[in-house]
Every structure is written in structure tokens, then in C-alpha cells.
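Structural description and commentary
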Amino acid sequence: MNTTAVRQIFDEHKVLHDLKHYLPAQAPLKDFVHHNTFHAYQELKFQDALRQASEVFGYKSSLSLDEYRKLYSEGKIDSVVLRNVLLARKGNDSKKAWFKNVLEKQYDSQRTQRVGALRSLWKQKYQLDMDSMVHPTLFRLLCSYLDQGISIWKFPINENGFLASIIDMEKNSYVSIFKTKSTRKLFLEDSLLIEDLLAKLVGDESLYERYLFDQQFAHQGWSGIVSSIENDSNSLLDKRSISLHELIVLECWLELDVLEQKFDDNWQPLGTHGFSGVSLFEPFKKCEEYEVLALWQEAFEWTFYDQVLKGIQSNKTAPKAKSAVSFQAMFCIDDRECSYRRYLEQIDNSCETIGTPGFFGVEFFYQPINGQHLTKVCPAPVTPKYLIKEVGEIKRQEKDVHFSKHSHSFYSGWLISQTLGFWSAIRLFFNIFKPSMSPAVSHSFQHMDKFSSLTIEHIPGNMEKGLQVGFTIAEMTDRVEGVLRSTCLIENFAPIVYSIGHGASTINNPHYAAYDCGACCGRAGSVNARVFAAMANHPQVRTNLAVRGIIIPDATQFVGGLRDTTRDEVVFFDEDKLNDENTLLHQENLQKFYKASDLNAKERSRRFESIDTSKSPARIHDQVIIRSVSLFEPRPELNHATNSLCIVGRRELSRGLFLDRRSFMNSYNYALDPQGEYLLRILNAAAPVCGGINLEYYFSRVDNQKLGAGSKLPHNVMGLVGVANGIDGDLRPGLPSQMIEVHDPIRLLMIIEHFPEVVLETIKRNPATYEWFINEWVVLSVVHPLSRHVYRYDNGGFYLYQPSGETTKVVTDFDALIEKNLENLPISLLAV
């Protein structure tokens, strides 16, 4: 009985499950979708999660005390807000003492992380840097096996997986990955379990779990990508079978090989050396420094939130007259559309802009003309059952002769370098002064040919690769109705309704998918916008919608489009299908879109050091376009940097406010959804998507070395699955420094326009969504639709919130803003 009990100390299945839970969950580069970096801790309160992650893994989970105090001295943390936070969290009696702690007290910030402590004994007892001996070989094997197209010579793949492929290679090669013959022989002859290998390396079974956490978090990037691929083999175009179990087995064998080479039999398992560290997840004692950091963080966040809520409360924008809408434009909720929508409304006060997730409710795989692979263009967790194919004339794809696999061979490589190589150097030189579009640019407009057609309507029996080609009429109706009702666009349709997706053009950027539409799984939203418009124009779909109470006038036509957020350009599809009257209206509207693009480019330019923001919007727009194709520009756009808000409500709630491109905006009308049914659908998507984006920027900003990707300048693309610094480095998770340099690390404030009691009941219906709010990963507030009072969600209930200080002047005079130098606009504040 005792022996059995001892043997159950180490549960391999549970340990592997826990490892996968805590490892980075980043998918390969082609599907880079933002997520909460600390997803493993979401069952904890936000501040408790930060502390545990810091103590266990050594992550820096917030700004430092010096950084907070500097923000306070610069006025970026308001003293009134700080005092209110101290009063609310520590009470009136303790407020003064904690105020002194926050401002003056010094703390010893040097702590030893728990992960890594056990394996550090290799250095302490044997002066052996195990990582430097094992990682170069391990990383090269992983990269070669997972390679998606960089390597000219293909890795010898065994259909039984990674470890079977390594064994085959060992059996059929003249050289070995092992340094000793004895280890190689055992590797080929003995199919040892992880438990057996750990018995040799560690000895003490109670330390097995600890050792595996130490081992795998010494290269969390590679372990994380292996775990991600194991969970979803479809994340690779050229599929590979690999598991975390196989990775651990091979790494243990490589470690045993190093020990055999260095010490022969003159070494003992680590467990025999008396390791006395605490267990990984032992409960933590209260720490005053963490409490001080939490107080600073809350004051930092509410200094900004306070201004936003003041602006919304004092905003007196009147609801738009129902009979005077010139056109309606549906955009993604993306924060980069915030300013563009504002300029459209400023140029044409009678237009109406609408926000909805950028896949427009249509989930499918997409196959471009002559495409060999299917592309998922819907939220990452969704597995579509539908296929949309692009049909049309096959056009020859542009190629650059300099990028050819022939340059890798001995003879042709020498010949190319001596001929085209000189021309390439000359082109590179001229590109410094005059960047231009080339096949190397990832251009969002190339995702789909504007003049092709799509297989949108399903023909009975038309199936490919287990997917239904196109949608039935009933399926189209359901999806169009879902988007129209969720955005409350169910009446007063304009002559033209635009559905405009977004994408981004980048060059020399392995994180290109992080710039496109997250709702489209890191792709441009052009196909989705066009498919939705075609569905909404279908006569039978409109007949079905009328039966369901949504009557779209015959004169109303939907037009799909795409906006390139890097270049500030917009393109529309199927314009030839517009009737004569709407064609004239569309031509007038195009000028408004073009002008909004110029103005938006100028507003963006104030964060670009290389652009003179005093120039005219048109000239600045030209420079912004040039930046998008420059090989030497690491920041063609700043993507979601500075995101901090999500507004779910009528446009009148924030129309006319200068939100500085910091807000996701989802259209919603409380009056048409009294029970919160559509609100729940919105929050089920908005909390993880917008919250995930916000938190990935947050953690990449506060710890860019461990939780981010560092500078992109020295990045090497590894097998087209990830990036590393150097040829033997670990894969880097998170975002590069060029994407987060101007980002304020504050949590997302979600502002919902509805009655507090309805919102409270709604968020409790889905535990996964409720977790985001009850554990404070997303800060929630509600604006009462009648009184305009603001209620703050805290500890399970809503409490009346009164913004502090004097009423803020709200920016509404955009004509004046456009005329003056935009570099004087505030970068991180709502009001001026």
C-alpha cells in the first residue's frame, strides 16, 4: 500500500496538463491572434494573478514604483484620484499612512522566482550550464521538424510524429545528435517513460513536477508553440505531429547525454542534493509592496477613466433625425476605426457609422483563386463548416527574382549573387530614398481580387474537403439578421449601407497577422465584408427578413469594402451592381471617404517622428503611404497601441468626443433589447477579444523581455512559426517593443449603455464571460440611459460613481483641430 501511494506522487497526465495551462498559448505567426497572456490565472482576481505570476515565474507584472511615482510627478496620475483610491481601499483611518507608503517608502524588489530554482543546482553543484549544452541542438531539431518553407532540405518526417522521426534519423544517419555512443544506444533500444528518465535525472519523485516546470519554462516559447500545435494541428499549413510529451522525452535524453559526456558515472540525481525550496504554487503571504503597486495601478487607470466618463456624461450630442441619414457605414469595432468614424461624421453630419465585429457574422474558410490552402476568416475559437471560393481569371502572381530557392544551392547561388546580387544592392540603396510597392509587401488589398466573384450561395450537394460550399438562403438570413439586430440597424435604412472590413499592409514584419483583423483570425476582412453585403442584397434573404420584421427598402443597396489601416486607403467591391441613382451617391460618398482618410493620416502622424505634422492632410497622407512600403520603417503603424476603452451603446453616447483612437466601439441600442439577449452575445465576444488585445499589450509593455518579443530589429524568423533573437534562441511570445512603446499599461474600461440591473443579470448568464468582470480583468461601468449617471462594477455589484474634480471641456470643434498643428493634441488624454 505504501509503495503504491509513493508511486502516485507524480501524475504525468496532470503535470502535462498543468504545463500546457501555464505555457504561452501563442499560435504560429500566420494565425497571430491576441489573447490574455495570463490566461492561466483568470480564475483569480487580477491583482492576485499578477502577484502569483511574478512570484512563480519571475514575470514583471506591473510598472515599477519609480515609474508610477514619475507618472505622479508629471501629473499623469491625478492626486485627487489617488486619494479617492486610498480612501476606498484602505479607509479613512489608514489613508494617511498608506499615502506616505505610496509616495515615499522604499521596498526591496529583489526576489527569487520559484521556477528555475531546482535546475539551478546543475550550476551550483556541477558548474554545468545545462541549457547552453542542450538548447542549441534541441531548438534546431524543433525548428527543422516544424519548418513551413524556409528550409530547402526537408526534414525526414515519420508519420508517427516528432520522436519517431528523430529515431529514424538516428538509425539512418552517419552522425548523431548525441555526444556519447552509450546514450545513443539506449535511446534507440529502450522506450523509457518520462518517469524513468526523471528517475535518472532527479531521483526524488516529489521533485519531478518541479523539474519539468523548470525545464520547459527555460524555453517557454518553443514549449508553448509545441503545446499550441498539439492542441490544433490545423494551425500549420504543412501539418506536423508533435506533442509536449515527445519534447520532454527528447530533452531528458539530451540532458542525460550531456551528463554522460561530462561526468561519465560521477554524478548524482539532483534530488540527492537536498533541495529545500517551497513548492511552486504554495500560498503567498501578504506583501505590502504588491499592495502599494496595486494602489498605484488603480489610480493610474482611474485618472484616465475619470476623464472619459466626465466626457460621456457631459456630451450633449442629440440623436440623429430618423429621416436624414445620407449613408450608413458598418466598421469593425477595432479601435483604429475610432478616429476614422469620427472624421466621416465630421465631414458628413448626416451619415451614420456603426460598429460590429469585423467578420460580419459570417464564419467560413476562404480559398483564393488557385490557392492551395484554406484560410480561416472568423474568430479563432470558431471552427467553420462553410467554404467560400474565389472564382475568376487566374492571374500570374508577381514574384521577386531575388527571393528564389535557387539562391540556396552552391552553383546557382554563386551565380545569382554575382549577377542579380549587384542589382539587388542597387535597388536596396534606392529604396532608402524612394520606397515603393513590391511583391515582398503584405498588401491587404491582395487578399482578394476586386474583380473576381465568390461562391456565396450554396448549390445542393456542393461539398469540398468536408465543407459546404456557400450558404443556403436560410443560413444567409440568420447571419444578416444577427448582425442587423445586434447593431440595432433594423429600420431607417439609407440608400447605401457600407460594410467595411479592415486589414493592414506591412513589409519586413513577421508579426503581420497581428495588424489585420483579429475577428478574421489575423486576416483582412475584405472577403467577409463582401460576402455580408451580397447576402444582404439577395432578394430571397430580404423576403425572409421582412417576415421576421426587418424590412429593407428595394432602393437600399449594401456595398462591401476594405480599409487599409496602415496606408489609410479604402476600396469598395461590386460597385458595378449599384443602380444609377446609388452610383451617383456612391461617387459623392467616395470623396468623403478619401477626405476622411487624409485627415485620419494626419492625426496618426503626430506619433510618427519622421513626419512633419504641420503639412496639409493630403501631403501627410502621401508620406504615410510611403512609410507602409519602406523596408527601413519598423513602425508603419502602431496597431492597437494605447487601446483602453470599449463602448457598447448608441453612437450618441460618444459621438463628437475626441477619444484619441483608444476605444473599441460596438453599436447597441438598449431600448431594442430590454432583456439583454443581444447584449450577452456582444459581451461574449467583446470581453475575450477586446480584453485579450488589451491585456497582451499590457503585459508586453510591462515586461517586454519575458512576456513580449523585445525589439523586432534582431529577430530571426524560425521555420515561419515564430521569431527568435539569434539562430539558437527561444521563440519570443507577445509583441515587439515597436508595437508597445507608446502604450499606457491600463486595463480595458468597458462602458455599457443600459440599466445596471439588466447588465448585472446579463453578465452572470455566461460564467466564462462573467469571469472577465468579477475577477477584474476588464473594468466595467454602466451609463444609465435616462439619467446619464455612471455606475461602477465592483466586487459583484454596481455602485454610483461620481467623476472627481471640475467638469472637463470636451473636444467637439474638429474644424479647429484640423487647422492647428496636430502635434499639440494630447496623446494619452481624452480632453484638452
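Above this note sits the structure.
Below you will find a few notes about this structure.

The rules behind these values
Residues numbered from 1 in each chain as written. Predicted model: local features only at pLDDT ≥ 70, side-chain atom pairs only at ≥ 80, totals over all residues. Heavy atoms only, no water. Helix = DSSP H or I, 4+ residues; strand = E, 2+ residues; numbered from the N terminus. Buried < 20%, exposed > 50% of the residue type's maximum accessible area, 1.4 Å probe, protein only. Contact = heavy atoms within 4.5 Å. Areas by Shrake-Rupley, 256 points an atom, 1.4 Å probe, with all protein chains shown as cover. Salt bridge = Lys/Arg side-chain N within 4 Å of Asp/Glu carboxyl O. Arc of directions from axis to C-beta. Polar contact = N/O pair within 3.5 Å; in protein donor to acceptor, adjacent residues only side chain to side chain. Expected span 1.5 Å × (residues − 1). Bend = angle between axes of the 7 residues up to and from the residue. Pairing = 2+ DSSP bridges.

The next point concerns the overall build of the protein. Along the protein, the regular secondary structure elements total 26 helices and 19 strands. Each principal axis of the C-alpha atoms in the protein carries an extent, and together these give about 90 × 75 × 55 Å. A burial count over the protein gives 56% of its 832 residues as buried. Contacts in the protein between residues at least 24 apart in sequence constitute 75% of all its contacts with a sequence separation of at least 6. Roughly 36,200 Å² of accessible area belongs to the protein as shown, and the carbon and sulfur atoms make up 52% of that amount.

All chains considered together, the criterion is met by 42 salt bridges. Residue Arg 89 is joined to Glu 298 by a salt bridge in which the shortest nitrogen-to-oxygen separation is 3.0 Å. On the criterion of sequence distance, the pair formed by Arg 89 in helix α5 (residues 79-103) and Glu 298 in helix α14 (residues 288-314) is long-range, its members being 209 residues apart. With relative accessibility at 36%, the residue Arg 89 sits in the partly exposed group. Between Glu 741 and Arg 635 there is a salt bridge, and its shortest N-O distance comes to 2.7 Å. With Glu 741 in the loop between β15 (722-725) and β16 (749-753) and Arg 635 in the loop between α22 (617-628) and β12 (645-649), the pair connects residues that are 106 residues apart, well separated along the chain. Owing to a relative accessible area of 43%, Glu 741 belongs among the partly exposed residues under this scheme. Looking at Arg 635, the relative accessible area reads 27%, which means it is partly exposed.

Below, the discussion takes up helix α2 (residues 12-22). Taken as a whole, α2 has its buried residues at Val 15, Leu 16, Asp 18, Leu 19 and Tyr 22. Along the axis of α2, the buried residues cluster in a sector spanning 160°; they form a single face. Facing away from the buried surface of α2 by more than 90 degrees, the exposed residues are His 13 and His 17. If you follow the buried residues of α2, they end up packed against α3 (46-57), α11 (208-216) and α13 (244-263). One side-chain oxygen at the N-terminal end of α2 lies 3.2 Å from the backbone nitrogen of His 13; it belongs to Asp 11.

With 26 residues, helix α23 (residues 677-702) extends 37 Å between its outermost C-alpha atoms, agreeing within 8% with the 38 Å of an ideal straight helix rising 1.5 Å per residue. The largest bend in α23 amounts to roughly 35° and is located at Ala 686, with the proline Pro 688 lying one to four residues further along. Of all the 26 residues making up α23, 19 are buried; the element is thus mostly covered by neighbouring parts of the structure.

Next up on the list: the pairing of strand β9 (residues 496-503). The element β9 is extensively covered by neighbouring structure, given that eight of its eight residues are classed as buried. Neither face of β9 is exposed, since Ile 496, Tyr 498, Ile 500 and His 502 on one face and Val 497, Ser 499, Gly 501 and Gly 503 on the opposite face are all buried. Note: strand β1 (residues 328-331) against β9, four bridges, orientation parallel. The residue of β9 that forms the bridge with Gln 328 is Val 497. The pairing of β9 with strand β10 (residues 557-564) spans eight bridges and is parallel.

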